[in-house]
Amino acid sequence: MITDLDTVDGDPFKNKKFDVCICGAGVTGITLALKLSRKLNVILLEGGGFEYTDHSQDLYFGKSIGQDYFDLAATRLRYFGGTSNHWAGWCHPLDSHDFTSKPYVKHSGWPIERSNLDPYLKEAEYILDITEDSEEGQRDSQEDIGNTIGASTDFRQFKYKWSAPTRFGEKYKAEIERLPHLACYLNANIVDMSLFENLSAMEHVEVRNFTGKTFKIHAQTFVLAAGGIENPRILLNCNSQIQTGLGNDHDLVGRFFTEHPNKTVASFVLEDKAKEVIAKNWTSDRRNGNWYFSPSRNFMDQNKILNFGILVELHRKPNSGATFNETLKSLVCRSQWAQSAAEKLQGDAMDCPSEDGWIRIVSEQAPNPWSRVNLGQEVDRFGMRRVVLDWKLSEIDKRTIQRATIRLGEIFAGQGLGRLHIDDWLVSEGLDFPDNDAIASNHHMCTTRMGETPRDGVVDPNQRVFGIDNLYVGGSSVFATSGFEGPTITIVQMTLRLADHLNTIHGTHI
Ligand SMILES: Cc1cc2nc3c(=O)[nH]c(=O)nc-3n(C[C@H](O)[C@H](O)[C@H](O)COP(=O)(O)OP(=O)(O)OC[C@H]3O[C@@H](n4cnc5c(N)ncnc54)[C@H](O)[C@@H]3O)c2cc1C
């Protein structure tokens, strides 16, 4: 059953106690609700309606004061299905070495291993509509760029899997309507969370609809699933009983905000021989026609850098344009000062051919406690303080992208593939990332990170908030570190694992 809380008479929650109350109906909330409601009485609370509305989305506005970032009301969606309503569907599970600690990266490592999530991979792929053939057609050739770069001991070629992309609201609405033990309420905005007097367990959440009516919802177990920025915002705002907010005894809620730096870092021109080989395997399918590489653990350790994914994309079918020598000029044209110097020498304007393709890098960000989601003074219509995001990158984040690009350039030149023109900001001295656009991926992670103890995490390895017996957090805010891969497939794996845990503690595990 799905009910619009804006239109109910009376109090539908009076004298009711649910087994599990899930706050937020995005990827995490919907996956969890469907898994738990086979045996348990579940309530799923969604702040928005079935469709986008300005009044719900307005609650996501906030301020960004650090590294340039997307508009906070555009980098996520606040209605049924959540941000899956506009995600892109790139999927790749985390590498096993993403879970292990690196001696040169402070706060690295997870308290669980990849093997804890592997059993949930197939089901996560099913939920995300990833089919076997979503891998087919991806470049796997014997003799082109993939083979040449992949043969280096520093990089390995990998393949993405593609989700439809699944829109969770659209796909699962009918099933949610049908399930007898699942009650879903729309326009039900969490505005407060209350603990019992001893402060060690949750008693109820308070929700408000858009007409201003407030309701209390009681349950045995609560799961916060409102997204990587909103999860810490809600915990910090719920401060009527504990001044610093819920789960924040060690001032960790909102800290370690992590993104995936994501930027075009170079363009390239191909040698004539490489063009010929690539032309034979040409496909115009933009997703599957690219090549993807990630580093070997050895390359990361030797250079003391993080994990990353490289995307090599061709602009057009090779050989259909100019020769290597002619195209080489395009690299000069990419740099304004080099172009004007060349024009001075030759005494007239340069004819600039376009390059053959470009290189993009998506990389891991190092855990940084000063990169954080915090609360500002401005409040929303429900009196909740709005977000202030201070995204901060570190020296190792830039060095990772730098080393990856330079090494790729060496392989391109050394193996006779072509030449790279690396963007000026990457070869400049110092820490600066370009500040005129957001070099991010819309992935909000690590703000209620998982730790072994309350001193290094907000939630324990089962995603339970330290110090609060029956409060759990779901989604990428519980990631301890980010890897370079899109978070959603990992979110689904972790949510399935959380469902198993909750079924076990409620005595309903099959
Ligand atoms: C443009 C874009 C492209 C992306 N592409 C990819 C990609 O290719 N690959 C990938 O892995 N990831 C991608 N992502 C990220 C992906 O969308 C997220 O990882 C995923 O949606 C997170 O799921 P979630 O359930 O944690 O949060 P969400 O999906 O955001 O769901 C949170 C839900 O909580 C609700 N909510 C919020 N506050 C409250 C409240 N106070 N009370 C009640 N309900 C509330 C919201 O309305 C929402 O429905 C992309 C994101 C964007 C923006």
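Anything mentioned here points back to the structure above.
Numbering of residues starts from 1 in every chain and runs along the sequence as written. For a predicted model such as this one, the threshold for reporting local features is a pLDDT of at least 70, and the threshold for listing and counting side-chain atom pairs is 80 or more; totals across whole chains, interfaces and linings nevertheless cover every residue. Only heavy atoms go into the side-chain values, all of them from the structure, while hydrogens and water stay out.

### Considerations on the sheet that holds strand β17 (residues 385–390)
Right, so step 1: In spatial order, the strands read β4-β17-β16; together these three strands make up an open sheet with mixed pairing. Strands with a single pairing partner mark the edges of an open sheet, and in this sheet they are β4 (62–64) and β16 (372–379). Ignoring strand direction, the axes of neighbouring strands in this sheet form an average angle of 30 degrees.
Right, so step 2: Sheet analysis places β16 next to β17, joined by five bridges and oriented antiparallel. Strands were regarded as paired on the criterion that DSSP finds at least two bridges between them. Strands here mean DSSP runs of E at least two residues long; helices mean DSSP runs of H or I at least four residues long; both are numbered from the N terminus. Fitted lines through C-alpha atoms serve as axes, helices being fitted only where they are in contact, and the angles separating the N-to-C directions of these axes extend from 0 to 180 degrees.

### What to know about the site of the ligand
Right, so step 1: Residue proximity to a molecule or strand is established when one non-hydrogen atom of the residue lies within 4 Å of it. In the region of the ligand, 35 residues are neighbours, and T28, E46, T83, W90 and T488 sit closest.
Right, so step 2: The separation between an oxygen atom of the ligand and a polar side-chain atom of T83 is 2.6 Å.
Right, so step 3: Any pair of N or O atoms that falls within 3.5 Å is considered a polar contact. Within protein, one atom must be able to donate a hydrogen and the other to accept it, and sequence-neighbouring residues count only if both atoms are side-chain atoms. At 3.3 Å, a backbone N or O of P487 approaches an oxygen atom of the ligand.
Right, so step 4: In the complex, 93% of the free accessible area of the ligand, which totals 1000 Å², lies under the protein chains.
Right, so step 5: Every element with two or more residues in the shell around the ligand is listed here: α1 (27–36), β9 (189–195), α7 (230–237) and α15 (488–505).
Right, so step 6: Any residue that is not Ala, Val, Leu, Ile, Met, Phe, Trp, Tyr, Cys, Pro, Asp, Glu, Lys or Arg is counted as polar, Gly included; the first ten are nonpolar and the last four charged. Class assignment of the residues belonging to the shell around the ligand gives a composition of 16 nonpolar, 16 polar and three charged. Using a 1.4 Å probe, the Shrake-Rupley method yields the accessible areas, and only the shown protein chains count as cover for residues.

### A short note on the sheet that holds strand β14 (residues 308–314)
Right, so step 1: Read across the sheet, six strands follow the order β6-β13-β14-β15-β12-β18 without closing on themselves; strand pairing throughout is antiparallel. The sheet terminates laterally at β6 (155–157) and β18 (418–422), the two strands that pair on one side only. Within the sheet, the average angular offset between the axes of one strand and its neighbour, ignoring direction, is 30 degrees.
Right, so step 2: Pairing between β6 and strand β13 (residues 291–295): three bridges, direction antiparallel.

### Some details on unusual backbone geometry
Right, so step 1: The amide bond that connects A164 to the next residue, P165, takes the cis arrangement and shows omega of 5 degrees.
Right, so step 2: Mapping P165 onto the fold places it in the loop between β7 (161–162) and α6 (168–178).
Right, so step 3: At F256, a position not held by glycine, the phi torsion is positive, near 65 degrees.
Right, so step 4: Inspection of the secondary structure puts F256 in the loop between α7 and β12 (262–270).
Right, so step 5: Relative accessible area decides the class of each residue, using a 1.4 Å probe on protein chains only: under 20% of the type maximum gives buried, over 50% gives exposed, and in between gives partly exposed. Given the relative accessible area of 4%, F256 is considered buried.
Right, so step 6: Phi is positive for Q463, close to 70 degrees, though the residue is something other than glycine.
Right, so step 7: Positionally, Q463 belongs in the loop between α14 (424–427) and β19 (471–473).

### A short note on the environment of N503
Right, so step 1: The topology assignment puts N503 in helix α15.
Right, so step 2: Residue N503 is classed as buried on the basis of its relative accessible area, which comes to 9%.

### Notes on the nonpolar core
Right, so step 1: For our purposes a nonpolar core is just a set of buried Ala, Val, Leu, Ile, Met, Phe, Trp, Tyr and Cys residues, chained together by side-chain atoms within 4.5 Å. In terms of nonpolar packing, the biggest core is built from 94 residues, with L45, I176, M193, V205 and L246 touching the most fellow members.
Right, so step 2: Here, residues are in contact when the closest pair of their heavy atoms is within 4.5 Å. Other than its neighbours up to four places away in sequence, I176 contacts M1, I2, I30, L34, L44, F80, L182 and C184.
Right, so step 3: The next biggest cluster of nonpolar side chains, apart from the first, holds 42 residues, and it includes L72, V373, W391 and F433.

### With respect to the pairing of strand β2 (residues 17–23)
A regular strand carries its side chains on alternate faces of the sheet.
Right, so step 1: Across the seven residues of β2, six count as buried, placing the element largely inside the fold.
Right, so step 2: Where β2 lies against strand β11 (residues 214–224), six bridges are found, and the strand directions are parallel. Within β11, the position partnered with F18 by the bridge is A219.
Right, so step 3: Relative to strand β3 (residues 42–45), β2 runs parallel, the two sharing four bridges. In the strand pairing of β3, V20 is matched with V42.
Right, so step 4: By convention a crossover is right-handed if, when the strands point away from the viewer, the path from the first strand over the helix to the second runs clockwise. Crossover handedness for the path β2 to α1 to β3: right-handed.

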